[in-house]
Each structure stands twice: as C-alpha cells, then as structure tokens.
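Each chain is listed here by its residues.
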Amino acid sequence: MEQQLPLRKIIHVDMDAFYASVEQLDNPELRGKALAVGGSSERGVVAAASYEARKYGVKSAMSSIIAKRNCPQLIFVKPRFERYREISQRIRNIFFEYTDLVEPLSLDEAYLDVTENKKGNPSATLIAREIRQKIFEKTGLNASAGISINKFIAKIASDVNKPNGQKTVNPEEVEAFLEELEIRKFYGVGKVTAEKMYQLGIFTGKDLKTKSLDFLNEHFGKSGEHYYNVVRGIHFSEVRPSRIRKSLGAERTFDENISSEIFMLERLGHISEEIERRLSKNKVAGKTVTLKIKYSDFTLQTRSKTLSYYVSSKDLILEIAKDLLYQEKMKDSVRLLGISLSNLNTDKDKEKEEEKKEVAVQLRFEF
C-alpha cells in the first residue's frame, strides 16, 4: 500500500546572491559590476558571487585565482558577516509576520509552513509574492521563492525562476515536475552521486522513478529509500522552527602553506578559542572532536576522537586536537586546518520524537 502524502503549503525563500547583493546595496559603485565576496589573495576563496560575475563562471567555493582568470575585471570585497546577520534578522522578522513555523537554513534562506498562517490567506503563492515584495521594500534586496507540498519540492522550485522570481508546483503538478527534472537538479544530489546515477542510466526524475527500491538500496545504501520516495513527491520532513544542530566547528585557510607543527598548534589554538565562543553562545558541548586537514595538493583528511564525556573548553578541545595532529605523520605541507565538535548534548529524545511525527490529515486545497 502506498504512503499517503501529507499535503502542506511550504514556501522556500532564497535570497538572490545575498552577500554580493548586500555589498552592492551598500556601495552603489559596485552595482552592475562583477563582484566576489571573499579573499583576493593566492589562498583566497570566493564566498559569494554577483550575477554579473556568475556569467563568467565565477561561483562560491572557487579559488580566487581561478575566479580572476575567468573574469579579469572581477572586484573582490571582504565579507562583513555582522552586516549580513543584521539584514538576515530583518528578513526573518518579515517571515514571522506570516507564520511561526520558520526554519532557517542559513542567513539567506528559510522554509516557511503557511498551511495555516497569521494572515488567513489560503494562497501560498500570493503569500510568497507578498513576502518577496516586503523584503524588497524593507531591505532593497531581491528574493526568489519555491512553493509546493513539501520542503524538498519547494527547495527545488525556488531555483527555477531565479533571480527575483518564484515557482509554484501545485499538488497535481508534482509528478510531472519531478519526472521532467534533470537528476543533478534534485536537492541533495551532488556531483559524485549524479555521476554514479548517469552510469546507471538515470538522467531525469522519470529514469529514477523506473528503478525499484531494492535497486536503489543496492546502489545507494541508506539513501536509496530517500531517492525512491522523493521522486514520487513523498517527503515527510516538517518545517522545524528549532533546528537541532548536529555539529559545530571552525576552520582557517592560510595565506601560505605551513609545515611546522608548532605553527599548526598555534593556529589550532586560535580555532579552539573560536569554537569555545560558539559553543558558549549555543549552550552546547560535544563528545566527538574532528580535526580537518587540507594539504597543499588539496587532498583532505579528517581524524576523529569520541570521548566518554562532553567538552566545551578551548583547552580541552586543543589538547584533543593536538593528539589527533600527532596521530600520524603529516604527508605534506598544510593549507587549511579545522576543528569540529559533533555528538552534541542537544535533546536527543526530542529529536527522535520530531522525526517520528507525521501529519495525519489529508487535505486538498488551492495553492
């Protein structure tokens, strides 16, 4: 027997080129120009790119050297996270005018459940349009939105008419929308998974839908059931106003490669201080400490240690990171070091209970 789909009215709001747009908003001289937020040094990385820069293939996580090569006229500005957080909070305040069921994913995007909303508006499409207009009026920034029956489809839909647009996928349109979608556009399908699917003859949602649950479990393990469900429009994850944090960390990319362990320990000390500050702010501690090492040849290595007790002090975090650093000999000079804490002391009973929840009511309504 097939699972019944709990229909909800979900909006995914995604700010357009948020960091870059804020910089262009605050500095009129940058408007209409190819802009990258990030470091311009040899070790710099693009954190965000304006749409003018994206036309040249500049994108986030790209090295600054490659970005500059793709777009010689590219202008770099340093990120100002306090400013981004300030505007993000103003945008969230707009969301709360419509619903308390707001789940932020980052500073520039969030899910909203407007099945029942404070405005009594039955149309999620009209609500999304109204929210986008208010964001523009109050911040001067553009947002895009996706509207559908669950978070998965809403997330995909928000990318369809970017920038400054929106896309509604009505309940009766879900099946056709997902079947026609290129597999690489499925939220959560990264480059590696997409390549694997191509090798299995899966290029679109329609191709994915022809594969049995056993086939998908065999080739994708625990993710198999997820792919089987989402291509059929089944996704039970609710909009959670209090997202339960899985991990917390910090990392640093160096201007020059470092090979001295003394210098590495000094950098790890600074990172540990930052993590202690973040742990204190979020009122959590963790049992698993992971050291992240990126070598000069860009290969990545992680080393972890799980304790029988929770830690949150910089001294203890540094001590464990130090043990992990000395765990084995470094194979090359290092360009990045990071520390993260997972297995946090959040309310696990609450998390499990939330995961079990399902909306029992089956509704039919206009979007």
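Residues numbered from 1 in each chain as written. Predicted model: local features only at pLDDT ≥ 70, side-chain atom pairs only at ≥ 80, totals over all residues. Heavy atoms only, no water.

Nonpolar side chains tend toward joint burial in soluble globular proteins. Counting residues in each nonpolar core, the largest one holds 32 residues, and the members touching the most others are I11, F18, F95, L112, I131 and I135. Of all elements in the fold, only β1 (10-15), α1 (18-26), β2 (35-38), α4 (81-95), β6 (109-113), α5 (124-139) and β7 (143-148) reach the threshold of two or more residues within this core. Ranked by size, the runner-up nonpolar core spans 28 residues in total, among them I258, L265, V289 and L307. (Core = buried A, V, L, I, M, F, W, Y, C linked by side-chain atoms within 4.5 Å. Buried < 20%, exposed > 50% of the residue type's maximum accessible area, 1.4 Å probe, protein only. Helix = DSSP H or I, 4+ residues; strand = E, 2+ residues; numbered from the N terminus.)

This part takes up the packing of aromatic side chains. Tallied over the full model, the rule gives eight aromatic pairs. Considering the side-chain rings of F81 and Y84, the 5.7 Å spacing of their centres and the 85 degrees angle between planes classify their relative orientation as edge-to-face. Of the two residues, F81 and Y84 both sit in helix α4, three residues apart, roughly one turn of that helix. Three or more aromatic residues joined by ring pairs form one cluster here, namely F18, Y19, F81 and Y84. When the ring centre of F220 is taken as origin, the NZ or CZ atom of K196, which lies over that ring, is 5.0 Å away. Against the face of Y228 rests R232, its NZ or CZ located 3.8 Å from the ring centre. (Phe/Tyr/Trp six-rings, centres within 6.5 Å; stacked < 30°, edge-to-face > 60°. Lys NZ or Arg CZ within 6 Å of the ring centre and 35° of its normal.)

Applying the stated criterion to the full structure yields one cavity of 30 Å³ or more. Estimates place the volume of the largest cavity at around 60 Å³. Around the largest cavity sit M15, S88, I91, R92, F95, S106, L107, D108, E109 and A110, which together line it. Of all the elements in the fold, those that place two or more residues in the lining of the largest cavity are α4 and β6. (1 Å grid on protein atoms, 1.4 Å probe; cavity = no way out; pocket = protein on both sides within 12 Å on 5 of 7 lines; lining within 4 Å. Points joined across faces, edges and corners; volume = space filled by probe spheres on them.)

We now examine the pattern of salt bridges. What the rule picks out here adds up to 21 salt bridges. The shortest N-O distance in the salt bridge between K138 and E97 comes to 3.4 Å. Taken together, the positions of K138 in helix α5 and E97 in the loop between α4 and β5 (102-106) put the pair 41 residues apart, joining distant regions of the chain. Its relative accessible area of 47% is what places K138 among the partly exposed residues. Look at E97 and you get partly exposed, because its relative accessible area is 25%. For E175, the salt bridge goes to K209, with nearest N and O atoms at 2.9 Å. Here E175, found in helix α7 (residues 174-180), pairs with K209, found in helix α9 (residues 205-209); they are 34 residues apart in sequence, far enough to count as distant. Connected via shared salt-bridge partners are E23, D26, R80, R83, E86 and R90. (Salt bridge = Lys/Arg side-chain N within 4 Å of Asp/Glu carboxyl O.)

On their own, these measurements won't tell you what the molecule is for.
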